[in-house]
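A structural walkthrough
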Amino acid sequence: MSHTSRKILAISGSLRTNSSTHFIIEAVRKYIPNTFTVIRYNGLASLPQFNDADEPNDSVKDLRRQLAEADGVIICSPEYAFGVPGALKNALDWTVSSGEFVDKPVAVITAATSGEHAHASLLLTLSALSANIAEDAKVLIPFVRAKLDANGHVKDADTRQALESAGKAFINSIQNI
């Protein structure tokens, strides 16, 4: 595969279009070299409830195809009721038997009021899926709304630095496979 054809799939765990997780994904994009194409996954809301007895429908097949075609995945999740949002967990569950995350480089960012529980849960789920998560490609951003300006740009220098470091570690994990 040529270097210029590398693809990254970015998944926000929130269904709200003006979510902090969407803004954080946009911030991380700034640290991804332009030799990579970043594609935002927009099908989270269209996925049916996971049922491993069912034949996957077209939306599940599309998710699996996009994951399979990606050289790496960025997941940015909020925390709902101390956990991963149901829609995101549902999407991940659809990949358990199909294996799209096996050895796939993944950056994991949790952006929430606290986020510790969702972050740990998301990392545990991705480890069960055998994702390749570089240690420096894991970021927990507590009190995320205080770290964004009115336009959704990251105004906190420590957060910008953490996202830059995570972006670099993530890209290195893709280039080293």
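Quick note: structure is the one above.
Below or above, wherever it landed, is the structure these notes cover. (Residues numbered from 1 in each chain as written. Predicted model: local features only at pLDDT ≥ 70, side-chain atom pairs only at ≥ 80, totals over all residues. Heavy atoms only, no water.)

1. Some details on the nonpolar core
Ile 8, Ile 24, Ile 32, Ile 109, Leu 163 and Phe 170 are the most contacted members of the largest nonpolar core, which totals 27 residues. Breaking this core down by element, the ones donating at least two residues are strand 1 (6-12), helix 1 (20-29), strand 2 (36-40), strand 3 (72-77), strand 4 (106-112), strand 5 (138-142) and helix 5 (157-175). Here the element with the most residues in this core is helix 5; it accounts for six residues. Those residues in contact with Ile 24 that lie beyond four places of it in its chain are Cys 76, Ile 109, Ala 111, Ile 141, Val 144, Leu 148, Val 154 and Leu 163. Within the second largest apolar cluster, 26 residues are counted, among which are Leu 63, Ala 91, Trp 94 and Leu 123. (Core = buried A, V, L, I, M, F, W, Y, C linked by side-chain atoms within 4.5 Å. Buried < 20%, exposed > 50% of the residue type's maximum accessible area, 1.4 Å probe, protein only. Helix = DSSP H or I, 4+ residues; strand = E, 2+ residues; numbered from the N terminus. Contact = heavy atoms within 4.5 Å.)

2. Quick notes on helix 2 (residues 58-69)
With 12 residues, helix 2 should reach 16 Å at 1.5 Å per residue; the first-to-last C-alpha distance of 16 Å fits that figure. Regarding helix 2, the residues found buried are Ser 59, Val 60, Leu 63, Arg 64, Gln 66 and Leu 67. For helix 2, the angular spread of the buried residues around the axis is 160°, confining them to a single face. What points out from helix 2, more than 90 degrees from its buried face, is the exposed set Asp 58 and Ala 68. (Expected span 1.5 Å × (residues − 1). Arc of directions from axis to C-beta.)

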